[in-house]
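Okay, here's what each chain looks like letter by letter:
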Amino acid sequence: MLKKIFNWGLKKSLFVYHAGASACNNCDIEIIDLLAPRHDVERFGIVLVCSPRHADVLLVTGVANRQTAPRLKRLYEEVPKPKLVIAIGSCACSAHMFRDSYNYNQPIDQVIPVDVYLPGCPPKPEAMINAVLKALEKVR
Amino acid sequence: MPGFLFTAVMGLLATWVDRKVTARLQYRVGPPWFQPFADVAKLLGKETMVPEGASRLVFLGAPLLGLAAVTFVGTMLWTLNVDRSASFVGDLIVLIYLLTLPSLAVIIGASASRNPLAALGASREMKLILAYELSFILAVFTVVLKTGTLLIGGIVNYQAVHGLTITSLSGAIAFLVALLVIQAKLGAVPFDIPEAEQELAGGAFIEYSGPALAVFRLTRAMLYFILPSLLVTLFLGGIDVWFIVKYIAVLTLVILIKNTNPRLRIDQAIRFFWGPVTVVAMIGFALALAGW
């Protein structure tokens, strides 16, 4: 019963923390688009929070290079359970055009467990809403 | 317990009104009515994390202190409004003291969390209390002077006989001052300096997660109900049939101030409260002494 109430709460109220792992800002701007009046994801209870301690969902953008990979791992550990990770953009999913770069270390899903991959350069805001829905199917 | 449940439900609904009106003002749709309940339900079920090296007892005890104080204030305010003869000498002073406890809880919790940003938030919260408390007490005592009683029941009874406090000149001035002060007490925008999202990343609450954060949010939500009700009691004739209209009016004023102003720096906030606001509060006090 309590579990049911909690799951309902989790589905209706997602606090999102935006972890930019050296992205080119393109995906980041599309994420900000989500919160702006046109898409307004607060309708669904999705709110951007400023501390990983408050977060339920980690949005990772960009390639995890030698500098950001350990920090991303630490950030993931700071989020209280249960937590979801969404990799946003082709860079986060597969390193995209930076895979031959000198400072490319390892893909993001080898640093932290990723729940949903969302390719695109950048993905559309509608696709991001869909990704959150896909991530929510994992709750229960 | 009924007092707690009532204030909590009303407070959460009040924060929903706040979020919805904010959204409408920004040409957004805004969250559904159950949003604050979902937030609290979710946070209560999450993992509690205590930062390394933080004092466990103080870190987790501080939110409960604030919640206990707010529950007590809410129960007292409503009991005394409904049963006016139950007033005891100095209940208004007890209320003023208890209303500083939620801010103190934020300071204690933030200081225990061992985070530099939280420490900065705590120091700002402390300065903010120092800034607004004098004008708040002046505004409240203008009402006391006007009605000639320290009892909440007495103040409500006086207004039932002699008309609302706000209709007199000194009462109107005191209401204005008190409105600005509850803005700061609620941590609403021009004075949300302790938790400034952009610079302090949540400030005082940065290390809180799960149930402890839920308790802090609940405390804040209950303040959204209690502080406007206190203003209604002191200036607008207490809790009667028209209470909901008066309450919504005060809440709307708070939300409008919140949405039309940028955040002040802490030094600007202190200068604002110790300068113009205190002077205006003193003028109101003097007018009340002169019988206006």
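Rules of the game
Residues numbered from 1 in each chain as written. Chains lettered and ligands numbered in written order. Predicted model: local features only at pLDDT ≥ 70, side-chain atom pairs only at ≥ 80, totals over all residues. pLDDT = per-residue confidence, 0-100. Axes fitted to C-alpha atoms, helices over the stretch in contact; angles between N-to-C directions. Helix = DSSP H or I, 4+ residues; strand = E, 2+ residues; numbered from the N terminus. Parallel < 35°, antiparallel > 145°, perpendicular 65-115°, else oblique. Contact = placed C-beta atoms within 7 Å. Buried ≥ 20, exposed ≤ 12 C-beta atoms within 10 Å, placed from the backbone. Pairing = 2+ DSSP bridges. Right-handed = clockwise from strand over helix to strand, strands pointing away. Nonpolar A, V, L, I, M, F, W, Y, C, P; charged D, E, K, R; others polar. Expected span 1.5 Å × (residues − 1). Bend = angle between axes of the 7 residues up to and from the residue. Core = buried A, V, L, I, M, F, W, Y, C linked by C-beta atoms within 7 Å.

(A) Spatial organisation of the confidence of the model for chain B. Residues of chain B with pLDDT of at least 70 account for 98%, and the chain-wide mean is 85. Scored as a complex, the prediction yields pTM 0.87 and ipTM 0.83.

(B) The arrangement of the packing of helix α4 (residues 91-112) of chain B against helix α5 (residues 116-147) of chain B in detail. All names here are of chain B. Running from N to C, α4 and α5 cross one another at 175°; their axes reach a closest spacing of 9 Å. Considered as vectors, α4 and α5 are oriented roughly antiparallel to each other. Contacts from L92, I96, T100, S103, V106, I107, A110 and S111 of α4 reach α5 at A118, A119, G121, A122, E125, M126, I129, I137, V140 and V144.

(C) Quick peek at the pairing of strand β4 (residues 84-88) of chain A. Residues and elements named next belong to chain A. Taken across its five residues, β4 has five buried, putting it largely inside the fold. Where burial is concerned, the two faces of β4 agree: the one with L84, I86 and I88 and the one with V85 and A87 are both buried. Of the strand pairs in this sheet, strand β3 (residues 57-61) and β4 are connected by five bridges, and their pairing is parallel. For V60, the partnering residue across the bridge sits in β4 and is A87. For the crossover that starts at β3, traverses helix α3 (residues 68-78) and ends in the parallel β4, the hand is right-handed. In the sheet, β4 pairs with strand β5 (residues 116-118) via three bridges, with the strands oriented parallel. Across the sheet, the residue bridging to I88 is L118, located in β5.

(D) A look at the interface of chain B and chain A. Each partner contributes residues to the interface: chain B has 25 residues there, and chain A has 18 residues. Here the residues of the side of chain B that touches chain A sort into 11 nonpolar, seven polar and seven charged.

(E) Representation of helix α10 (residues 243-259) of chain B in the model. All names here are of chain B. Taking 1.5 Å of rise per residue, the 17 residues of α10 would be expected to cover 24 Å, and the 24 Å separating its terminal C-alpha atoms lies within 8% of that figure. Within the sequence span of α10, burial applies to K246, V250, L251, V254 and I255. Among the structural elements, α1 (2-25), α7 (169-185) and α9 (210-235) are those in contact with the buried residues of α10.

(F) Spatial organisation of helix α11 (residues 266-289) of chain B. All names here are of chain B. End to end, α11 covers 33 Å across 24 residues, agreeing with the expected 34 Å (1.5 Å per residue, within 8%). In α11, a bend of some 35° at T278 exceeds every other bend along the element. All of the buried residues along α11 are A269, F273, V277, A281, G284, F285, L287 and A288. Buried residues along α11 sit against α5 and α7.

(G) Seen up close, the sheet that holds β5(A). All names here are of chain A. Within the open sheet, the five strands sit side by side as β2-β1-β3-β4-β5. Their pairing is parallel. Strands with a single pairing partner mark the edges of an open sheet, and in this sheet they are β2 (46-48) and β5. Neighbouring strand axes in the sheet, compared pairwise and without regard to direction, differ in orientation by 25° on average. This element, helix α2 (residues 26-35), spans β1 (14-20), β2, β3 and β4 of the sheet and lies at about 145° to β3. Contacts from helix α6 (residues 125-136) reach β1, β2, β3, β4 and β5 within the one sheet, and its direction differs from that of β5 by about 165°.

(H) Summary view of the nonpolar core. Core analysis: the largest hydrophobic core is formed by 89 residues, its most contacted members being A139(B), V177(B), A178(B), V181(B), I226(B) and L231(B). Looking at this core element by element, the count peaks at 18 residues for α9(B). A55(A), L58(A), A131(A) and V132(A) belong to the second-largest nonpolar core, a separate cluster that totals 38 residues.

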